[in-house]
Amino acid sequence: MPDLLVKLYELPALAPLQERLLAAGIKLRHPLAFEKKAVVEWVNREFGAEWASECEVAFARQPISCFIAVQDGKIIGFACYDVTAKGFFGPTGVTAEARGQGVGRALLLAALHGLAEMGYAYAIIGGAGPVDFYRKAVGAIEIEGSEPGIYRDWLPTGERT
Ligand SMILES: CC(C)(COP(=O)(O)OP(=O)(O)OC[C@H]1O[C@@H](n2cnc3c(N)ncnc32)[C@H](O)[C@@H]1OP(=O)(O)O)[C@@H](O)C(=O)NCCC(=O)NCCS
């Protein structure tokens, strides 16, 4: 899984997608500090302990460097940024039943606009799984020779706890 590079100065607008989701009852927002346990536990249940650990780092920041998608009072997706390493996007995930309606793309755009607002010119998508998703959504390009990138000599802790 290679790292990808994204131009933050040519990002598609988030608003049209956000409005479309809102019409379907899906709201994107930063979680609040008191929601940390609920969000981190959801990420752990859905995607494992490593992504939950990275999500915890987002809660050490203000504004919290994470977006969640909420429908009917429940989290259906999340995206973190500037947590794995400076300027990195991820981790991100949408619960299986909610996929294919634009939530993943909206979370990606919200987080990338967050990085742009922080002053970054480029974002790095670390260890990208669905490369075509990122290519299509934001024109991400592969960074040659970036595999395994920073993901080496790590302690395996990915079990859902
Ligand atoms: C990747 C993921 C976040 C996408 O979420 P999603 O809500 O289903 O994505 P969207 O509905 O916004 O899809 C946007 C577009 O990307 C495409 N797409 C979605 N997942 C894709 C994938 N895995 N590979 C290629 N294209 C994909 C969709 O078909 C859609 O195309 P369209 O605009 O032409 O209709 C979701 O599949 C997921 O949580 N996967 C498991 C976790 C994961 O892999 N995270 C990324 C780690 S780097």
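Calculation notes
Residues numbered from 1 in each chain as written. Predicted model: local features only at pLDDT ≥ 70, side-chain atom pairs only at ≥ 80, totals over all residues. Heavy atoms only, no water. Near = heavy atom within 4 Å. Polar contact = N/O pair within 3.5 Å; in protein donor to acceptor, adjacent residues only side chain to side chain. Areas by Shrake-Rupley, 256 points an atom, 1.4 Å probe, with all protein chains shown as cover. Helix = DSSP H or I, 4+ residues; strand = E, 2+ residues; numbered from the N terminus. Buried < 20%, exposed > 50% of the residue type's maximum accessible area, 1.4 Å probe, protein only. Contact = heavy atoms within 4.5 Å. Pairing = 2+ DSSP bridges. Core = buried A, V, L, I, M, F, W, Y, C linked by side-chain atoms within 4.5 Å.

Within an unreviewed UniProt entry, the label attached to the chain reads GNAT family N-acetyltransferase, and the organism entered is Capillibacterium thermochitinicola.

Mind showing me how you'd approach the site of the ligand here?
Residues in contact with the ligand amount to 18 residues; listed here are only the nearest, Val 94, Gly 100, Gly 102, Gly 104 and Arg 105. Here an oxygen atom of the ligand and a side-chain polar atom of Arg 99 are 3.5 Å apart. In the model, an oxygen atom of the ligand is placed 2.8 Å from a nitrogen or oxygen of the Arg 105 main chain. If the ligand stood free it would expose 910 Å²; the protein chains cover 65% of that surface.

Please clarify how the side chain of Thr 95 should be interpreted in this entry.
Among the secondary structure elements, Thr 95 is positioned in the loop between strand 5 (88–94) and helix 4 (103–118). For Thr 95, a relative accessible area of 7% corresponds to the buried category. Apart from residues no more than four positions distant in its own chain, Thr 95 is found in contact with Trp 42, Glu 46, Phe 47 and Ile 76.

Can you walk me through the sheet that holds strand 6 (residues 122–125) in this structure?
As a general point, the strands of a sheet are linked pairwise by backbone hydrogen bonds and lie either parallel or antiparallel. Strand order in this open sheet of seven strands is 2-3-4-5-6-1-7, and the pairing throughout is mixed. Single-partner strands in this sheet number two, and they are strand 2 (26–29) and strand 7 (141–142). Both strand 4 (residues 74–81) and strand 5 contribute to a ladder of four bridges, which runs antiparallel. Paired with Tyr 81 across the two strands is Phe 89, which belongs to strand 5.

I tried to follow the nonpolar core on my own but got confused; where do I start?
Most often, soluble globular proteins keep nonpolar side chains buried together rather than apart. Within the largest apolar cluster, 34 residues are counted, with the highest numbers of intra-cluster contacts made by Leu 112 and Val 138. Top contributing element to this core by residue count: helix 4, with nine residues. The residues touching Val 138, leaving out its near neighbours within four places in the chain, are Val 6, Leu 11, Pro 12, Leu 108, Leu 109 and Leu 112. Residues Trp 42, Phe 47, Ala 52 and Ile 68 belong to the second largest nonpolar core, which totals 17 residues.

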